[in-house]
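Breakdown of the fold
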Amino acid sequence: MKILYIIPLAMMLSCCSSVKNQTSATNSGKLDTQLLKDVEVLSSDAYQGRKTGTKGAEMARAYIIERFQKLGLKSYPQHVNYAQEFTFNGRNSVKVNGTNIIGYIPGKGTNVIVVSAHYDHLGVIKDEVYNGADDNASGTAGLLKIAAYFAKNKPNNTIIFASFDAEEMGLQGAKAFVGNPPVPINTIAIDLNMDMISHSDKGELYICGTFKYPDLKKYVDTTKTNIKLLFGHDDPRLGHDDWTNQSDQGAFNAKNIPFLYFGVEDHKDYHKASDEYSTITKQFFSNAASAVLDVVKNIDKQTGLQQLLKDKMIMMDNPRKSERF
C-alpha cells in the first residue's frame, strides 16, 4: 500500500519521464497461470484480508512458506522455517505481533539483493472482506515468480526474498528487517520492492528510486513493447506525491540502501472491498511481473554491485554529485 494523493494530470506528466517513447502498450503476451493462481488464492475470502495478527495472515504465511519450500529457498538459521517474528506498538500502544517470511538463494559473491513485497492487507471492515488483490497479493505473487526463476538459474548475488508483514501499519515488517537483518546490513546492495503491480487500465508501471540513484535507470528493461515503464514519483519536491517512503522501500531508504520501487498509480479499487481478483488487469499483471523480473536479472548480472551503487549514490545534501551523470 502506498498513500497516493491525486494531483492534476498535467503536473503528473511534468514530474515523470517515460522510459519508452510510445503512446500506448499492447495487450499481447501469454498469461502467467502460476502468477495468477497465487493472487487468486491469497486474495480469496478464506484469507480474510490478511490483516496482521489474524487467522487470515497466518493462512497467508502458510501458503507463502509452502511455496518457498517447493521452490527450494533456504531459510536462515535464526529464522525457524523462514519466519522472522517481531513486535511493535499499534494503536493505543497495544503490542502487535508480526511475522516476516524470509527466504534466500545463495549467490556466487558476498553482495545481497533484497526482493520484497508485503503480504498483509486491511482485513475485515464492517463485515466486508478487504481482499487486497492488487494491494498486495500482486507483489507477493511477483516475488514468488522471481524466486522461481532464480531457483532454476543460480544468481551472481545472494538474493533474499522478503515477504513483509504489517506494511499497512507503518512499514513495520520492513523496519524490523533492516533493524535486525539476517546478513550484515552493509552487504545489502539494493532493495527491489513491489507493491500494487496488477491493476492498470493504461498499462503503466512506475519505477521509483532513480531520482536519488539515476544510474539505476540503465538496468530497467526498455525492449518490451507490451507495457509502459515510467520513471517518477520519487522527487522529494513533489511532497505527498513522492512515493519514496510510502511502501517498504522506505525502511531501506532510511538506511541509505539503494532501492527501486515498482507500482501502479491509484485506481478505483484502492483500499476498497472491490480490490479483488476479478478486478485486476490480468494481462498487464503478467507483463508487469515479467518486466520486474527482467530488471532483477539485469541488476544481478553486475559484480561488485554494492560498491558500484555506493559510488553512484547521490546524497541529497550534496546535489552537485549529480553532475557526474
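This is a predicted model, so every value here is computed, not measured.

So, how was this worked out
Residues numbered from 1 in each chain as written. Predicted model: local features only at pLDDT ≥ 70, side-chain atom pairs only at ≥ 80, totals over all residues. Heavy atoms only, no water. Helix = DSSP H or I, 4+ residues; strand = E, 2+ residues; numbered from the N terminus. Buried < 20%, exposed > 50% of the residue type's maximum accessible area, 1.4 Å probe, protein only. Contact = heavy atoms within 4.5 Å. Areas by Shrake-Rupley, 256 points an atom, 1.4 Å probe, with all protein chains shown as cover. Polar contact = N/O pair within 3.5 Å; in protein donor to acceptor, adjacent residues only side chain to side chain. Pairing = 2+ DSSP bridges. Salt bridge = Lys/Arg side-chain N within 4 Å of Asp/Glu carboxyl O. pLDDT = per-residue confidence, 0-100. Phe/Tyr/Trp six-rings, centres within 6.5 Å; stacked < 30°, edge-to-face > 60°. Lys NZ or Arg CZ within 6 Å of the ring centre and 35° of its normal. Axes fitted to C-alpha atoms, helices over the stretch in contact; angles between N-to-C directions. Parallel < 35°, antiparallel > 145°, perpendicular 65-115°, else oblique. Left-handed = near helix turned anticlockwise from the far one by under 90°. Nonpolar A, V, L, I, M, F, W, Y, C, P; charged D, E, K, R; others polar.

Section: the overall build of the protein chain
For the protein chain, the helix and strand inventory stands at 8 helices and 11 strands. When each of the 325 residues of the protein chain is scored for burial, the buried share is 58%. Contacts spanning at least 24 positions in sequence make up 80% of the contacts within the protein chain whose residues lie at least 6 apart. Carbon together with sulfur atoms contributes 50% to the accessible area of the protein chain, which is approximately 14,000 Å² in total.

A word on the side chain of Asp 242
Residue placement: Asp 242 occurs in the loop between β10 (228-231) and α6 (249-253). One polar contact links Asp 242 to Thr 244, side chain to side chain, over a distance of 2.6 Å. Apart from the residues lying within four places of it in its own chain, the contact partners of Asp 242 are His 233, Asp 234, Asp 235 and Pro 236.

A word on the pairing of β10
Where burial is concerned, the two faces of β10 agree: the one with Lys 228 and Leu 230 and the one with Leu 229 and Phe 231 are both buried. Taken together, the 4 bridges between strand β9 (residues 204-208) and β10 define a ladder with parallel strand orientation. The residue of β10 that forms the bridge with Ile 207 is Phe 231.

Quick notes on the pattern of salt bridges
Counted according to the given criterion, the structure contains 9 salt bridges. Across the salt bridge formed by Arg 67 and Asp 38, the nearest N and O atoms sit 3.0 Å from each other. Linking Arg 67 in helix α3 (residues 55-71) with Asp 38 in helix α2 (residues 33-42), this pair joins segments that are 29 residues apart in sequence. Each member of the pair, Arg 67 as well as Asp 38, carries the same accessibility label: buried. Of the charged contacts in the structure, one is a salt bridge between Asp 215 and Lys 218, with a shortest N-O distance of 3.4 Å.

Topic: the pairing of strand β2 (residues 83-89)
The sheet contact formed by β2 and strand β3 (residues 95-105) spans 7 bridges and is antiparallel. Following the sheet pairing, Thr 87 is matched in β3 by Asn 97. Counting the residues between successive antiparallel strands, the hairpin from β2 to β3 contains 5 residues, one of them, Asn 92, with a positive phi of roughly 60°.

Examining the confidence of the model for the protein chain
Mean pLDDT for the protein chain: 88, with 86% of residues reaching 70 or above. Between residues 3-26, whose pLDDT stays under 50, and residues either more than four places distant or in other chains, the model counts 52 contacts. Ignoring residues within four places in sequence, the model shows residues 314-325, a span with pLDDT below 50, making 16 contacts including any to other chains.

Here we look at the packing of aromatic side chains
One pass over the structure, following the stated rule, counts 10 aromatic pairs. Aromatic side chains Phe 177 and Phe 252 sit 5.9 Å apart centroid to centroid with 40° between the ring planes, which places their arrangement in the tilted category. With Phe 177 in helix α5 (residues 172-179) and Phe 252 in helix α6, this pair connects stretches of sequence that are 75 residues apart. Neither Phe 177 nor Phe 252 differs from the other in exposure class; each is buried. Its guanidinium or amino end placed over the ring of Tyr 277, Lys 282 lies 4.5 Å from that ring's centre, counting from NZ or CZ.

What to know about the packing of α2 against helix α4 (residues 133-152)
Between α2 and α4, the least distance of the axes is 9 Å, while the angle of their chain directions is 140°. Between α2 and α4, the angle falls in the class oblique. Here the hand of the crossing between α2 and α4 comes out right-handed. In this structure, α2 contributes Leu 35, Asp 38, Val 39 and Leu 42 to the contact, and α4 contributes Ala 133, Ala 137, Ser 138, Thr 140, Ala 141, Gly 142, Leu 144 and Lys 145. The residue makeup of the contact of α2 with α4, split by class, is 7 nonpolar, 3 polar and 2 charged.

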